[in-house]
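Listed here are the chains, written in short residue letters.
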Amino acid sequence: MNMNPHEDVAEVLVTAEEIARRTEELARTLERDYAGRPLKMVCILKGAVPFAADLMRAMNHPVALDFMAVSSYGASTKSSGVVRLLNDLDESIEGQDVLIVEDIVDTGLTLKYLRENLSARGPRSLRVAVLLDKRERRLVDVEVEYVGFRIPDRFVVGYGLDYAGFYRNLPYVGVLKPSVYEEAP
Ligand code: IMP
């Protein structure tokens, strides 16, 4: 791992400018779709933190925020297929208009679990917003109402997405150099 994370990036797939522009578009759509209704955003830790923070600030709308954490892949770039709840919401979502905000939908297993888990709590409505969609990797059918970008089947980092816990602070979405994985223990 380089001390300058930018130097570990082989290719930028989505620039910071593209993310900012798309986030504004999504914010306008959400304002329209939730007109007259306050929105409860459920930000999925840790990867969705930058996206949720930017999306909520782009909205001229009453937005409340809560967090949930589910198990990720650890240091591996492959999904284990098992989803575990690590940290639950602070508050009830019963009767509320809930938007799950997630960094990426890959196999769909995480969002399927989250949709089922949260819909059992009686929200008024439940939808999903993801920054990135790797559609060709989907193993289970799961509805995603708002998508930032469709991307090809590459392991990406940045703007919340990590490899072995790092690179979340890159302001763009990119692909790492193969040498980063080769160094891994
Ligand atoms: P799914 O359950 O396979 O849809 O995967 C969702 C989770 O896997 C995301 O919340 C990410 O934490 C992680 N993930 C999937 N693809 C990537 C990637 O390309 N880079 C980093 N994390 C990823």
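For the structure itself, consult the block above.
What this report covers is the structure whose coordinates are included nearby.

What counts as what
Position numbers for residues count from 1 along each chain, tracking the sequence in the order it is written. pLDDT decides what is reported in this predicted model: residues at 70 or higher carry local features, side-chain atom pairs at 80 or more are listed and counted, and totals for whole chains, interfaces and linings draw on all residues regardless. Hydrogens and water molecules were not included; the side-chain quantities draw on all heavy atoms of the structure. Centres within 6.5 Å are what make two rings of Phe, Tyr or Trp a pair, Trp counting through its six-membered ring; a difference in plane orientation under 30 degrees is then read as stacked, over 60 as edge-to-face, and the rest as tilted. In this scheme, a residue with accessible area under 20% of its type's maximum is buried, one over 50% is exposed, and one in between is partly exposed, where area comes from a 1.4 Å probe on protein chains only. Each helix is a run of DSSP H or I of at least 4 residues and each strand a run of E of at least 2, with the numbering of both proceeding from the N terminus. Put simply, a charge is over a ring when the Lys NZ or the Arg CZ is close to the ring centre, within 6 Å, and near the line of the ring normal, within 35 degrees. A cutoff of 4 Å decides nearness: a residue is near a molecule or strand if any of its heavy atoms lies inside that distance of it. Nitrogen and oxygen atoms within 3.5 Å of one another constitute a polar contact, given that in protein one can donate a hydrogen and the other can accept it, and given that sequence-neighbouring residues count only through two side-chain atoms. Following the grouping adopted for this structure description, the nonpolar residues are Ala, Val, Leu, Ile, Met, Phe, Trp, Tyr, Cys and Pro, the charged ones are Asp, Glu, Lys and Arg, and the polar ones are all others, Gly among them. When DSSP finds two or more bridges between a pair of strands, those strands are recorded as paired. Every angle, taken between N-to-C directions, lies between 0 and 180 degrees, and every axis is a line fitted to C-alpha atoms, over only the stretch in contact when it is a helix. Contact between two residues is taken to exist if any of their heavy atoms lie within 4.5 Å; hydrogens are not considered. Convention used here: a crossover is right-handed provided that the path from the first strand, over the helix, to the second strand proceeds clockwise when the strands point away from the viewer. Remark: nonpolar core denotes a set of buried residues (Ala, Val, Leu, Ile, Met, Phe, Trp, Tyr, Cys) joined through side-chain atoms within 4.5 Å.

**As for the packing of aromatic side chains**
Then comes step 1: What the rule picks out here adds up to two aromatic pairs.
Then comes step 2: With 6.3 Å between their ring centres and 80 degrees between their planes, F155 and Y163 make a pair best called edge-to-face.
Then comes step 3: Residue Y163 is classed as buried on the basis of its relative accessible area, which comes to 10%.
Then comes step 4: On the numbers, 4.8 Å between centres and 75 degrees between planes, the contact of Y163 with Y181 is edge-to-face. One end of the pair, Y163, is in the loop between strand 8 (156-157) and strand 9 (173-176); the other, Y181, is in helix 4 (residues 178-183), with 18 residues separating them in the sequence.
Then comes step 5: Counting every residue linked through ring pairs, the aromatic cluster contains F155, Y163 and Y181.
Then comes step 6: Looking at R127, its charged tip hangs above the ring of Y34, at a distance of 5.3 Å from the centre.

**Focus on the site of the ligand**
Then comes step 1: Lining the immediate surroundings of the ligand are 16 residues, of which D106, T107, G108, T110 and V156 lie closest.
Then comes step 2: One nitrogen or oxygen atom from the side chain of T110 is found 2.5 Å from an oxygen atom belonging to the ligand.
Then comes step 3: K134 is positioned such that a nitrogen or oxygen atom in its side chain is 2.9 Å from an oxygen atom of the ligand.
Then comes step 4: At the level of elements, strand 5 (97-105) and helix 3 (109-119) are the ones that each hand at least two residues to the shell around the ligand.
Then comes step 5: Tallying contributions element by element places strand 5 first for the shell around the ligand, with four residues.
Then comes step 6: Looking at the shell around the ligand residue by residue, the class counts come to seven nonpolar, three polar and six charged.

**Remarks on the environment of I44**
Then comes step 1: Locating I44 in the fold gives a position in strand 2 (residues 39-45).
Then comes step 2: With relative accessibility at 1%, the residue I44 sits in the buried group.
Then comes step 3: When the C-alpha positions of I44 and E102 are compared, they lie 5.5 Å apart, and in sequence the two are 58 residues distant.

**Remarks on the sheet that holds strand 7 (residues 146-150)**
Then comes step 1: Taken in spatial order, the six strands line up as 4-3-2-5-6-7 in an open sheet, and their pairing is mixed. Of all the strands in the sheet, the pair left with one neighbour each is strand 4 (85-87) and strand 7. In this sheet, neighbouring strand axes are inclined to one another by 30 degrees on average, regardless of whether the strands run parallel or antiparallel.
Then comes step 2: Pairing analysis gives seven bridges linking strand 2 to strand 3 (residues 63-70), with the strands arranged parallel. Following the sheet pairing, I44 is matched in strand 3 by M68.
Then comes step 3: Strands in contact with helix 1 (residues 16-33) are strand 5, strand 6 (125-133) and strand 7; relative to strand 7, the strand with the most contacts, it is inclined by about 160 degrees.
Then comes step 4: Against the sheet, helix 2 (residues 49-58) contacts strand 2, strand 3, strand 5 and strand 6, and its axis sits at roughly 160 degrees relative to strand 2.

**Quick look at the pairing of strand 2**
Then comes step 1: For strand 2, the tally of buried residues reaches six of seven residues, placing the bulk of the element in the interior.
Then comes step 2: Viewed along the sheet, the connection from strand 2 through helix 2 into strand 3 turns out right-handed.
Then comes step 3: In this sheet, strand 5 lies alongside strand 2 in parallel orientation, the contact comprising four bridges. Counterpart to M41 in the pairing with strand 5 is L99.

**What about the nonpolar core?**
Then comes step 1: Core analysis: the largest hydrophobic core is formed by 29 residues, its most contacted members being L99, L131, L132, V156 and V173.
Then comes step 2: Elements represented by at least two residues in this core include exactly helix 1, strand 2, helix 2, strand 5, strand 6, strand 7 and strand 9.
Then comes step 3: Those residues within four positions of L132 in sequence are excluded, and the remaining contacts are V14, D103, I104, V105, F149, I151, V156, L161 and V173.
Then comes step 4: In terms of nonpolar packing, the next biggest core, distinct from the first, is built from 19 residues, I44, I100, L111 and V147 among them.

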